[in-house]
Amino acid sequence: MFEIKERDGAARIGVFTTPHGKVETPNLMPVVNPNIDLISPKRLEKEFGTQMLITNSYIIYRTDELRERALKEGLHSLLDFKGAVMTDSGTFQSHVYGEVDIEPLEILSFQKNIGSDVCTILDRFTEPDDPRELVEQKVNDTISRAQEASKEHHEGHTALPIQGSVFYDLREYCGRELSRLDGTFYPIGGVVPLLESYRFHELTKVILHSKKGLGPRGPVHLFGAGHPLIYPIAVLLGCDLFDSSSYAKYARRGDLMYPWGTRHIDDVDYLGCECPVCSKITPSELRELPENKRVLKIAEHNLWISYREMDRVKQAIHEDTLWEMVENRSGVHPSLIDALKSVYDGFEILEPYEPKGRKRAFFYTNPWSLNRPAVKRLTDYVQDGYKPPFENAPYILFDSSNISKPYSRYLTNELRALLPYHRVNLLIETPLGVMPLEFDETYPLAQSLFPDNRPDISLSYPEDIIRWEGMNTLESLTKKEGMTLDEMRVRSISDYQFCKGAGDIFSNGELSFIKNRKGRTKNVLLDNKHILSVRSYDGLFTLKR
Ligand code: GUN
Ligand code: ZN
């Protein structure tokens, strides 16, 4: 069972229940190689808080002694680990060494027999350079193996990996077909080569399209993603689980992982890390350790760094700041900037996950922040969907450069002179672009923070605009009964928030407004009946029944 507790866009904090305890996601499953004694599972559990680890059933199966022990005493006893254990199937070995010599159902039954909590089918690894026909074949084989597994393996607990290389339509297709089956995990497979060569923009699209096909199902596991560099962006796109043998692999070659990249121990003069290892040792002491001790220390550091970065990602989901975190982190490697661009381009896939309002203000981190779904949805709407309060009426354009937010509060005199006596639509130049003034108390326009110095954005205006140049602007306008800003707001925000035309129902009666002490509208009444309340934190409506 996978229960979602909190969300931030497509990212989520969830709890997944296994026969060996609960696992909170997003989370990291360290890879344990039963043949190599590095950080023991017991230490992982006690010192690092590991709730779930992953090991390779194919290695166990191929090693007589391990196989016999696993079958006799069970996987958890073999590993000496009480938490949840996922097993992989040998697919990765096929990527490294060519085809593996085992039947798909045989390795699946073996995983079940040794008591794995999540057993992975023998999917077919799709390589980035595979030609399309081969990828189609591998995707279809993976789907039929998943279907067979579902038939033979009724009680579930299977991981059904999505393959498809960098053919995004095949990723969608594979995700969609697998979503019909009762998987426990839905890993995104075949991404290790993309990760290794920093092809993060393709990785981003692979995740986006796999998720699109899969829909809301989960947990989604990014197979073989072990570098903390990738966690924020992958979690933002909806990945819940990561597995890592990198902490050990990197350690063996002397590489320290950081959220901002990798540094070789020979190049490090200052460790710059607060983990229990680095707080007690200098880089030269670390270099001088005997090799096995040095590898162990660096592996421990790498795991600490990975877990702590995952904590930061979770906290960002909790406080609604994951977009800001991803944008900030993208500066550490140009490939992450390319990846971020692909994330913004994935607007159509991400938009359904994006709440209209958020509790936390929108923080601008760089000029691209304006491509975030929260802003793009509003700016696209204003460009293409917005229906102004008055058709065939002029637009009055205000400048916001010398006033604060909400803007209308600083324009009371102007609005008092203008609105009751003129039929006009209102616009204001804002850091998000030219916006209808009715949106000035609504997320993200009201709840946002921008630096004063930032690159100009190109602003587009309707044809018949009149710039507000002070009270004498009134002289150029014809007089006719207008509308209050409150009335305009109810129409425009309802259209935006509920559906086009929703605002029209307010033309069929008498509107009145109840304000709070600060003069902000609290409730909207139609013919004296309370029908809408205004949410204080994002200025959107809640329906009153
Ligand atoms: N480990 C890394 N990538 C993969 C993958 O695509 N499939 C499986 N089963 N294991 C993996
Ligand atoms: Zn450290």
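Here we summarise the structure given alongside this text. Only a predicted model underlies this, so the values are computations on that prediction, with no experimental measurement involved.

## With respect to the coordination of the zinc ion (ligand 2)
Next, step 1: Protein ligation of the zinc ion (ligand 2) involves Cys273 (SG), Cys275 (SG), Cys278 (SG) and His301 (ND1), the donor distances falling in the range 2.1 to 2.3 Å.
Next, step 2: Note that the zinc ion (ligand 2) binds 4 donor atoms; their angles at the metal cover 98 to 122 degrees, and the shape is tetrahedral.
Next, step 3: In primary sequence terms, the donor set of the zinc ion (ligand 2) follows C-x1-C-x2-C-x22-H. Taken together, the residues span a long stretch of sequence, with cysteine 275 in the loop between β13 (261-264) and α13 (283-288) and histidine 301 in helix α14 (residues 291-318) at a distance of 26 residues.
Next, step 4: Since its relative accessible area comes to 6%, cysteine 275 is described here as buried.

## Concerning the pairing of strand β6 (residues 84-88)
Next, step 1: Here β6 lies mainly inside the structure; 5 of its 5 residues are buried.
Next, step 2: Neither face of β6 is open: one carries Ala84, Met86 and Asp88, the other Val85 and Thr87, and all of them are buried.
Next, step 3: Relative to β6, strand β5 (residues 52-56) runs parallel, the two being bridged by 5 bridges. Residue pairing for β6: isoleucine 54 is matched across the bridge by methionine 86.
Next, step 4: In this structure, β6 lies alongside strand β7 (residues 118-120), joined through 2 bridges in parallel fashion. By the bridge assignment, methionine 86 is partnered in β7 with valine 118.

## A short note on the sheet that holds β5
Next, step 1: Read from one edge to the other, the open sheet built from 8 strands follows the order β8-β7-β6-β5-β4-β11-β10-β9, with strand pairing classed as parallel. The outermost strands of the open sheet, each flanked by one partner alone, are β8 (158-159) and β9 (186-188).
Next, step 2: Summarising the sheet, strand β4 (residues 27-32) and β5 pair through 2 bridges and their orientation is parallel. Counterpart to valine 32 in the pairing with β5 is threonine 55.
Next, step 3: Its contacts with the sheet place α14 against β4 and β11 (241-244), and it is angled at close to 160 degrees to β4.

## Examining the packing of helix α10 (residues 200-214) against helix α16 (residues 334-345)
Between two packed helices, the angle of one axis relative to the other and the distance separating the axes together describe the packing.
Next, step 1: α16 packs onto α10 with a crossing angle of 30 degrees between their chain directions and a minimal axis gap of 7 Å. Viewed along their axes, α10 and α16 adopt a mutual orientation that is roughly parallel. Judged by the sense of rotation from one axis to the other, the crossing of α10 with α16 is right-handed. Where α10 abuts α16, its residues Phe200, His201, Thr204, Lys205 and Leu208 lie against Ser335, Leu336, Asp338, Ala339, Ser342 and Val343.
Next, step 2: Classifying every residue of the contact of α10 with α16 gives 5 nonpolar, 4 polar and 2 charged.

## A look at the sheet that holds strand β23 (residues 541-543)
Next, step 1: Across the sheet, which stays open at both edges, the 4 strands sit in the order β20-β21-β22-β23 with antiparallel pairing between neighbours. The open sheet has two edge strands with one neighbour each: β20 (511-515) and β23. Neighbour to neighbour, the strand axes of the sheet diverge by 30 degrees on average, direction disregarded.

## With respect to helix α1 (residues 41-48)
Next, step 1: The set of residues buried in α1 consists of Pro41, Leu44 and Phe48. The arc that holds every buried residue of α1, seen down its axis, measures 80 degrees, which confines them to one face.
Next, step 2: In this structure, the buried residues of α1 make contact with β4, β5, α4 (75-79) and α14.

## Overview of the packing of aromatic side chains
Two numbers describe a pair of aromatic rings. These are the distance of the centres and the angle of the planes.
Next, step 1: Tallying each qualifying case throughout the model produces 16 aromatic pairs.
Next, step 2: Pairing tryptophan 323 with tyrosine 344 gives two aromatic rings, centres 6.2 Å apart and planes at 10 degrees, and the pair type is stacked. Taken together, the residues tryptophan 323 in helix α15 (residues 322-330) and tyrosine 344 in helix α16 connect sequence positions 21 residues apart. Side by side, tryptophan 323 and tyrosine 344 carry an identical accessibility label, which is buried.
Next, step 3: Between tyrosine 344 and tryptophan 368, the ring centres sit 6.2 Å apart and the planes meet at 85 degrees, which makes this aromatic pair edge-to-face. Taken as a pair, tyrosine 344 in helix α16 and tryptophan 368 in the loop between β14 (362-363) and α18 (373-385) lie far apart in primary sequence, 24 residues in all.
Next, step 4: Its relative accessible area of 32% is what places tryptophan 368 among the partly exposed residues.

Scoring rules and cut-offs
- Residues numbered from 1 in each chain as written.
- Chains lettered and ligands numbered in written order.
- Predicted model: local features only at pLDDT ≥ 70, side-chain atom pairs only at ≥ 80, totals over all residues.
- Heavy atoms only, no water.
- Donors = N, O, S within 2.8 Å, 3.2 Å for Na, K, Ca; no water.
- Tetrahedral: all angles 85-135°; square planar, octahedral: opposite > 155°, others 65-115°.
- Helix = DSSP H or I, 4+ residues; strand = E, 2+ residues; numbered from the N terminus.
- Buried < 20%, exposed > 50% of the residue type's maximum accessible area, 1.4 Å probe, protein only.
- Pairing = 2+ DSSP bridges.
- Contact = heavy atoms within 4.5 Å.
- Axes fitted to C-alpha atoms, helices over the stretch in contact; angles between N-to-C directions.
- Parallel < 35°, antiparallel > 145°, perpendicular 65-115°, else oblique.
- Left-handed = near helix turned anticlockwise from the far one by under 90°.
- Nonpolar A, V, L, I, M, F, W, Y, C, P; charged D, E, K, R; others polar.
- Arc of directions from axis to C-beta.
- Phe/Tyr/Trp six-rings, centres within 6.5 Å; stacked < 30°, edge-to-face > 60°.

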